[in-house]
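Each chain is listed here by its residues.
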Amino acid sequence: MTKSIGFPLELLTRPVTERLAYFENYTVAHPRLKEVYEILMRTIAEPAGASFIFIYGPSGIGKTTLRLRVEQKLTELALPKLESDRSRVPVVGVEAVAPESRNFNWKDYYTRALIALEEPLIDHKFDYGVRGISRDNFGKINVESKVVAPALRRALENALIHRHPDVFFVDEAQHFGKMASGYKLQDQLDCLKSVANMTGILHCLLGTYELLTFRNLSGQLSRRSVDIHFRRYCADNPEDVQAFKSVLLTFQQQMPLSEYPDLVTHWEYFYERTLGCVGILKNWLTRALKDALDREATTVTLKDLQKRAWSVAQCQRMFKEIQEGERQLSETETDIQNLRSALGLGTKPIVLPEETPKTTRQPGKVGKRKPKRDPIGVQQDVS
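Residues numbered from 1 in each chain as written. Predicted model: local features only at pLDDT ≥ 70, side-chain atom pairs only at ≥ 80, totals over all residues. Heavy atoms only, no water.

Draft legend 1. Representation of the side chain of threonine 274 in the model. Relative to the helices and strands, threonine 274 is located in helix 9 (residues 267-274). Note on threonine 274: relative accessible area 0%, which makes it buried. Of the polar contacts made by the side chain of threonine 274, one reaches the backbone oxygen of phenylalanine 270; its length is 2.7 Å. (Helix = DSSP H or I, 4+ residues; strand = E, 2+ residues; numbered from the N terminus. Buried < 20%, exposed > 50% of the residue type's maximum accessible area, 1.4 Å probe, protein only. Polar contact = N/O pair within 3.5 Å; in protein donor to acceptor, adjacent residues only side chain to side chain.)

Structure (structure tokens):
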């Protein structure tokens, strides 16, 4: 191996399972992930009155990786406080499981959320305030089958107030929209709002573009929400193309193989079958790597990659969903004109001046300053 490598060389002598696990656990801190991570961390630190953070993006963009990184960082930041407050849990993450029937299962969701709040080091004598919910001598939560969803919700509210996490993450949150006819989407949202309002805990909902159906259900929700768009890399943007190639290069350097696969040369093929989504790319490469390791090959071949690639039909269906989601999150000139017209401002858009570097004013000598006073009745430009 003549080129520089990114993985520990001793991995080449390790079992297949260990080599595969190394690559599976490796994540690339690519520009799009870092951008969304920084915005999310700043919003959690200062939500400015927001109760909800909505993170939208394509399936396979890396939302779960983002959540795990933020959870790790928030836990690190909270360690000094945990020494004095052993009952606190700095961050909680739960997945909204897709329902087996047409209705979202709130009882299952509340139960999973209560379990997610449990930590082996915290006091297991906490009283949830609901009959039928308790913890055994080992700290494991027990929920009797007779406990109904509203009672579980009250228990979750009590637990969140007691544990007081910085943020409550809900992954795959688009599943909240699964319901039978006759039910209103607003009713689903009201359940979430109830928990957020009663506890004062910031909720972060991560999901596909299907989550956009929640976006503008009410003006109150819009006012108390922060939207974050986790975008894919676009082939018509040179900076995005360069970032995507860089991700490919990093992945090929991290594959624990005696010979590098040449991924960057075929970047257009990888882009075509991932639509610019790093999460899809990572899963694809992991499957191809497993095939190569199972047959004791020295590298991953194009045949391995082609066998594990998404079909054209899958890509086309996925791309239609992405296009619709990106369209809903975009603001066209027509949208701006319609808003201005409705507000009575006319249809001519405002052109904001470009920012210019600020210059440092050099103070004059005492007694020699000649301040210029504004003429009475003349308005000065303060833009």
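Draft legend 2. Representation of the side chain of threonine 286 in the model. One can find threonine 286 in helix 10 (residues 278-294). Engagement of the side chain of threonine 286 in a polar contact is seen with the backbone oxygen of lysine 282, the distance being 2.8 Å. Setting aside residues up to four positions removed in sequence, threonine 286 forms contacts with Leu20, Phe23 and Glu24. (Contact = heavy atoms within 4.5 Å.)

Draft legend 3. Representation of the environment of phenylalanine 7 within the structure. By the secondary structure assignment, phenylalanine 7 is in the segment before helix 1 (16-25). Judged by relative accessible area, phenylalanine 7 falls into the buried class, the value being 3%. Distance in space between the C-alpha atoms of phenylalanine 7 and tyrosine 26 is 9.8 Å, their sequence separation being 19 residues.

Draft legend 4. Focus on the packing of aromatic side chains. Here the structure, examined in full by the defined rule, presents 16 aromatic pairs. For the pair phenylalanine 104 and tyrosine 109, a centre-to-centre distance of 6.0 Å together with 55° between the ring planes defines the contact as tilted. In this structure phenylalanine 104 comes out as buried when scored by relative accessible area, which is 7%. Where tyrosine 109 meets tyrosine 110, the ring centres are 5.7 Å apart and the plane angle is 55°; that geometry is what we call tilted. In this pair, the class of tyrosine 109 matches that of tyrosine 110, namely buried. (Phe/Tyr/Trp six-rings, centres within 6.5 Å; stacked < 30°, edge-to-face > 60°.)

Draft legend 5. Up close: the state of the cysteines. Applying the stated criterion across every chain, the model contains zero disulfides. Here cysteine 315 is not cross-linked by a disulfide; its sulfur's nearest cysteine counterpart is in cysteine 277, at 9.9 Å. Accessibility expressed as a relative area gives 6% for cysteine 315, which makes it buried. (Disulfide = S-S within 2.5 Å.)

Draft legend 6. Here's a closer look at helix 2 (residues 31-45). Its 15 residues place the ends of helix 2 21 Å apart at the C-alpha level, agreeing with the 21 Å of an ideal helix rising 1.5 Å per residue. For helix 2, the elements touching its buried residues are strand 1 (52-56), helix 3 (63-82), strand 5 (167-171), strand 6 (203-207), strand 7 (225-229) and helix 8 (238-254). (Expected span 1.5 Å × (residues − 1).)

Draft legend 7. Focus on a nonpolar patch on the surface. Taken together, the side chains of Leu339, Leu343 and Leu345 present a nonpolar region at the surface, about 320 Å² in accessible area. Within the fold, leucine 343 resides in the segment after helix 13 (333-342). (Patch = residues over 30% accessible without salt bridge, like charges linked within 9 Å, V, L, I, M, F, W, Y side chains within 5 Å. Areas by Shrake-Rupley, 256 points an atom, 1.4 Å probe, with all protein chains shown as cover. Salt bridge = Lys/Arg side-chain N within 4 Å of Asp/Glu carboxyl O.)

Draft legend 8. Highlighting the packing of helix 1 against helix 10. Look at helix 1 against helix 10: their axes get within 10 Å of each other, and the N-to-C directions meet at 165°. If you check the angle between helix 1 and helix 10, you find them roughly antiparallel. Here helix 1 and helix 10 pass one another in a crossing that is right-handed. Note on element contacts: helix 10 touches helix 1 through Lys282, Leu285, Thr286, Leu289, Lys290, Leu293 and Asp294, opposite Val16, Arg19, Leu20, Phe23 and Glu24. (Axes fitted to C-alpha atoms, helices over the stretch in contact; angles between N-to-C directions. Parallel < 35°, antiparallel > 145°, perpendicular 65-115°, else oblique. Left-handed = near helix turned anticlockwise from the far one by under 90°.)

Draft legend 9. Representation of the pattern of salt bridges within the structure. If you walk through the whole model with that rule in mind, you get 15 salt bridges. Among the salt bridges present, the one from glutamate 18 reaches arginine 14, with a minimum N-O distance of 3.2 Å. By relative accessible area, which is 40% here, arginine 14 ends up partly exposed. Notably, a salt bridge pairs glutamate 71 with arginine 67, separated by 2.8 Å at the nearest N-O pair. Taken together, the residues glutamate 71 and arginine 67, both in helix 3 and four residues apart, mark about one turn of the helix. For the residue pair glutamate 71 and arginine 67, the accessibility class agrees, reading buried in each case. Linked by salt bridges that have partners in common, Arg32, Glu35 and Asp240 make up one network.

Draft legend 10. Spatial organisation of unusual backbone geometry. The residue leucine 275 is not glycine, and still its phi comes out positive at about 65°. The residue leucine 275 is located in the loop between helix 9 and helix 10 in this model. What makes leucine 275 buried here is its relative accessible area of 8%. At glutamate 296, a residue that is not glycine, the phi angle is positive and equals roughly 60°. Within the secondary structure, glutamate 296 sits in the loop between helix 10 and helix 11 (302-308).

Draft legend 11. A look at the packing of helix 5 (residues 149-163) against helix 6 (residues 185-199). In the contact formed by helix 5 and helix 6, the axes pass within 9 Å of each other and the chain directions differ by 35°. Here the hand of the crossing between helix 5 and helix 6 comes out right-handed. Across from Arg153, Leu156, Glu157, Leu160 and Ile161 in helix 5, the residues of helix 6 making contact are Cys191, Ser194, Val195, Met198 and Thr199. Its residues assigned to classes, the contact of helix 5 with helix 6 comprises six nonpolar, two polar and two charged. (Nonpolar A, V, L, I, M, F, W, Y, C, P; charged D, E, K, R; others polar.)

Draft legend 12. Region of the structure containing the nonpolar core. Membership of the largest hydrophobic core comes to 64 residues, with the highest contact counts inside it found for Leu40, Tyr109 and Phe176. Every residue in contact with leucine 40, bar those within four places of it in the chain, is listed here: Ile53, Ile55, Leu66, Val70, Phe169, Cys204 and Ile228. Among the nonpolar cores identified, the runner-up in size contains 28 residues, and Tyr233, Leu263, Leu285 and Leu289 belong to it. (Core = buried A, V, L, I, M, F, W, Y, C linked by side-chain atoms within 4.5 Å.)

Draft legend 13. Local environment of helix 8. In a regular helix each residue adds 1.5 Å, so 17 residues correspond to 24 Å; helix 8 covers 25 Å between its end C-alpha atoms and thus fits that length. If you check which residues of helix 8 are buried, you get Asp240, Val241, Ala243, Phe244, Val247, Leu248, Thr250, Phe251, Gln252 and Gln254. Where helix 8 is buried, its residues meet helix 1, helix 2, helix 9 and helix 10.

Everything listed here is a matter of geometry and, on its own, says nothing about what the molecule does.
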